[in-house]
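Architecture at a glance
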Amino acid sequence: MKEFKIQNLIFKIMVVFPICSMLFALCLPLSADALTAEEVVKKSQEAFFYQGKDFKARVMMKLISKSGQERVRELTMLRKNYGASGGEQKYFMYFYQPADVKDMTFMVYKYPAKDDDRWLFVPAINMVRRIAAQDKSSSFVGSDFTYEDVSGRDIEDDTHEIVKEEKLGANDCFVIKSAPKKADVDYSYKLSWIDKGNFLPLKDEYYDKKGGLYRVFSGEEIKDVKGFPTVTKRTMKNLSSGHRTEVTYVKADYNINIEDNLFSERFLKQPPRKWIE
Amino acid sequence: MIRLILILLLATSIAYLSAYAEDVSLHGFLQGNYSVDTAKSNPNGKDFKWAEERVQLKLDASKEPFRLFLKTDIFYDHIDDASHLDVREGYADYTSSIWDARTGRQIITWGFGDLIFINDVFPKDYEAFFSGRPLEYLKIGSDAVKIGMYPSFASAELIIIPFFEPNNFPDHKRFFMFNPMPAVTEREEEKPATTFENTEVAFRLYRDVAGMDASLYFYRGFFRQPSMLPDSITSPAKIDLVYPELTVYGASLQGRALDGVLSLEAGYYDSREDRDGTDPMVPNSQTRFLVGYQRQMWEDCTLGLQYYSEYMDDYSEYEENLPSGFPQEKKLHQLASVRLTQFLIHQTLRFSFFSFYSPSDDDYLLNPEVKYNFTDSVWAAVGASVFGGGDEWDQFGSLDENDNIYVQIRYEF
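Looking now at the overall build of chain A. When its secondary structure is counted, chain A shows five helices and 13 strands. Looking at chain A as a whole, 29% of its 277 residues are labelled buried.

And the structure:
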């Protein structure tokens, strides 16, 4: 009887535990697999647009035409979160280049599920103006990126589904299909390759109303900044025009305690050096 | 003279600070700007309203909490065949956490109007605007001290202007304009003297109210458009151009509404030297009101609409006292405007159309323009200023013979 008990114990140790552990181990990817498409997109937005309490980057944008002509937009972008991921954010941008927009500043109060507030400061006439902004799909400073590409799109505006899981380069990815519920953007759907590890988007493909691929985003360099994986080089290419925009974060930082009052008319007119440099 | 000394002092201090500043930058542009008559030659026989080559230098030096800024233009005017130096701006900033100060020549812009100014009581150059010069030349710097205060409940700006600067109106050698007393050629401009009592004071209190940008305004100073004061109404020999005393109380509100941006602005112009409205040579008190709406029509296309009105107080007193032969202003002067802007080719090509139309006077201004950025540093714009309608003394009707086509080309560095 006692011998049986010992055998039973040995059986448990030798067989049951390993099987349980294996099952448990198997459960791990299964539980990740069990994420819904909405959850993947939410995590991706968190990782891409909401990382940290606040964020600052010196941004170099190169607008490159099909023939190779380059135009440069250089700016400092500051962002602060108000509330949870997917919630309200404030953006402050200061332009260094080109020369005709130097010292211009631009401020956005971004709200979920309603139009943003946007203000522009024109230094030559010392004037702050609100600008009409109901169209989030319009180009950001003439680049191939839209305002939504820069600051995110409401998750509820699209239906999301996981189409497949595959490797992109060396990275395991979810491939998510997001289709706008309303025809408020140029594309009929978007396929996103989202890294299973850090949930950053590595590639987005935009398909037009006829189902043709016409616009491709690629996250080309990911660096760790203060523990946050950050896309520090990205490109948006328009396949129909051949025009592309390359964006590099020359410097980036998180959790730098940006004060609330930065996002004000006062500092739009006189951007503090410590924040824009 | 005092101003010149102040400017020289500022230039010296900038040069001095530049040596110690943590951050010094020099930018500017080279510009050509030409505006050719299309209706008829100027009164002086020339065919251009404006023809210049210009260099602008912007020197910016800062060492926290101080900053110095100097923007100087040097240009050659082909109509007068003369070169000029123009200190556009030159000021020193001091910034602390809850207040700041700017001292020197500075451009101040208040209110929400698009080329319509109610609470923006600061100097303007209308000749620049009508001659097809870049928009920034519509504003003239004020030699002033501006104090900004930022307590938690609201922000405030107090502006003190010791040196009076009038608006610049079109020059009679270059522009055909209405002249109510053409026989009197002797004219003398009398600017308010630089005294303590004549110091202009402007105050603005502003904050966010339910997601809207709200401001209250106060100004005590002078009209910047001169009034004609003949030495005799019946047989004048000389006209003094004077700037009557003015106080303005105003408010404005701007925010998101109707899928666009809605702006409301109002002001009461208290004409302190003619409160009963009986002096025909001094403007009566007025209430001014503006409503503006701007929305994005489609990608890179914006539409802006404005309606503006001026209501004259004590109109019957004005009518009774107006000398015969003088044009009579309306009790309600109205102005509407439309601005349509379309960007193309990655926002490097811009088509814009701006127009004023007065429903009360039936006169108009049309201003179409095309601007193209050839590279990041070179742009050119071609446009036209067309005036007409109404009577020969109306705001735009009086400029009927001054239509012009203009070119601006600029290299920025």
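Back to the write-up after that little detour.
Tallying secondary structure elements over chain B gives three helices and 21 strands in all. The globule rule puts the C-alpha radius of gyration for 413 residues at 22 Å, and the 22 Å found for chain B is close to it. Along the three orthogonal principal directions, the C-alpha set of chain B runs to about 65 × 50 × 45 Å. Classification of the 413 residues of chain B by burial places 30% in the buried group. A fraction of 59% describes how many contacts in chain B between residues 6 or more apart in sequence connect residues 24 or more apart.

Our next topic: the nonpolar core. Residues and elements named next belong to chain B. With 17 residues, the main nonpolar core has Phe356, Leu365, Phe396 and Leu399 as its most contacted residues. When contributions to this core are tallied by element, the ones reaching two or more residues are α2 (126–130) and β19 (363–373). Here this core gets three residues from one element, more than from any other, and that element is α2. Discounting chain neighbours no more than four positions away, the residues touching leucine 365 are Ser355, Phe356, Ser385, Phe387 and Phe396.

Right, let's talk about the confidence of the model for chain A for a bit. The predicted model of chain A averages 89 in pLDDT, with 87% of residues at 70 or higher. A low-confidence stretch, residues 26–32 of chain A stays under pLDDT 50, and its non-local contacts, those more than four residues away or across chains, total one contact.

On to the sheet that holds strand β12 (residues 238–242) of chain B. Residues and elements named next belong to chain B. Taken together, the three strands give an open sheet; going across it, the order is β8-β12-β11, and neighbouring strands pair in mixed fashion. A single partner strand is all that each edge strand has here, and the edge strands are β8 (186–190) and β11 (227–230). When the angles between neighbouring strand axes are averaged without regard to direction, this sheet yields 30°. Sheet topology places β8 next to β12; five bridges connect them, and they run parallel. Note on β12: the bridge partner recorded for glutamate 186 is lysine 238.

On to helix α2 (residues 37–49) of chain A, then. Each full turn of the α-helix corresponds to 3.6 residues, which orients residues three or four apart in the same direction. Residues and elements named next belong to chain A. Across its 13 residues, α2 extends 18 Å between first and last C-alpha, which sits within 8% of the 18 Å expected from 1.5 Å per residue. Three or more residues of α2 are buried, namely Val40, Val41, Ser44 and Ala47. Angular distribution of buried residues about the axis of α2 spans 125°; they occupy a single face of the element. Tucked into the core, α2 has its buried residues touching β7 (158–168), β8 (171–180), β9 (189–195), β10 (201–207) and β12 (228–238).

Moving on, we get to the interface of chain B and chain A. For interface size, the figure often reported is the accessible area lost on association. Each partner contributes to the interface: chain B provides 34 residues, whereas chain A provides 27 residues. Those elements giving two or more residues to the side of chain B that touches chain A turn out to be β1 (23–37), β13 (245–257), β14 (260–271) and β15 (286–298) of chain B. Take the side of chain B that touches chain A: its biggest share by element is three residues, from β15(B). Broken down by class, the residue content of the side of chain B that touches chain A amounts to seven nonpolar, 15 polar and 12 charged.

The next subject is the pairing of β13(B). All names here are of chain B. With 10 bridges connecting them, strand β10 (residues 212–222) and β13 associate as antiparallel partners. The partner of leucine 216 across the bridge, within β13, is alanine 251. Relative to β14, β13 runs antiparallel, the two being bridged by 12 bridges. Each residue of the ladder has a partner; that of leucine 253, found in β14, is leucine 264.

All names here are of chain B. Relative to the helices and strands, glycine 292 is located in strand β15. With 22 C-beta atoms packed within 10 Å, glycine 292 lands in the buried category. Along the primary structure glycine 292 and aspartate 100 are separated by 192 residues, whereas in three dimensions their C-alpha atoms are 31 Å apart. Those residues within four positions of glycine 292 in sequence are excluded, and the remaining contacts are Phe112, Gly113, Asp114, Ser263, Gly304, Leu305 and Gln306.

What follows deals with unusual backbone geometry. The phi angle of most residues is negative, glycine excepted, and most peptide bonds adopt the trans form. Following Gln97(A), the chain continues to Pro98(A) via a peptide bond in cis, the omega torsion being -5°. With respect to the secondary-structure elements, Pro98(A) resides in the loop between β3 (88–97) and β4 (105–110). In this model, Glu64(B) is joined to Pro65(B) through a cis peptide bond whose omega is 5°. Structurally, the position occupied by Pro65(B) is in the loop between β2 (48–63) and β3 (66–77). Phi angles above zero are rare outside glycine, and Ala210(B) is one such case at about 50°. Examined against the element boundaries, Ala210(B) turns out to sit in the loop between β9 (200–209) and β10. One non-glycine residue, Gln347(B), lies in positive phi territory at about 60°.

Tracing the chain through its elements places Ser241(A) in the loop between β12 and β13 (244–254). Sequence separation between Ser241(A) and Lys164(A) is 77 residues, and the spatial gap between their C-alpha atoms is 29 Å.

What counts and how
Residues numbered from 1 in each chain as written. Chains lettered and ligands numbered in written order. Predicted model: local features only at pLDDT ≥ 70, side-chain atom pairs only at ≥ 80, totals over all residues. Helix = DSSP H or I, 4+ residues; strand = E, 2+ residues; numbered from the N terminus. Buried ≥ 20, exposed ≤ 12 C-beta atoms within 10 Å, placed from the backbone. Rg over C-alpha atoms; globule rule 2.2 N^0.38 Å. Contact = placed C-beta atoms within 7 Å. Core = buried A, V, L, I, M, F, W, Y, C linked by C-beta atoms within 7 Å. pLDDT = per-residue confidence, 0-100. Pairing = 2+ DSSP bridges. Axes fitted to C-alpha atoms, helices over the stretch in contact; angles between N-to-C directions. Expected span 1.5 Å × (residues − 1). Arc of directions from axis to C-beta. Nonpolar A, V, L, I, M, F, W, Y, C, P; charged D, E, K, R; others polar.

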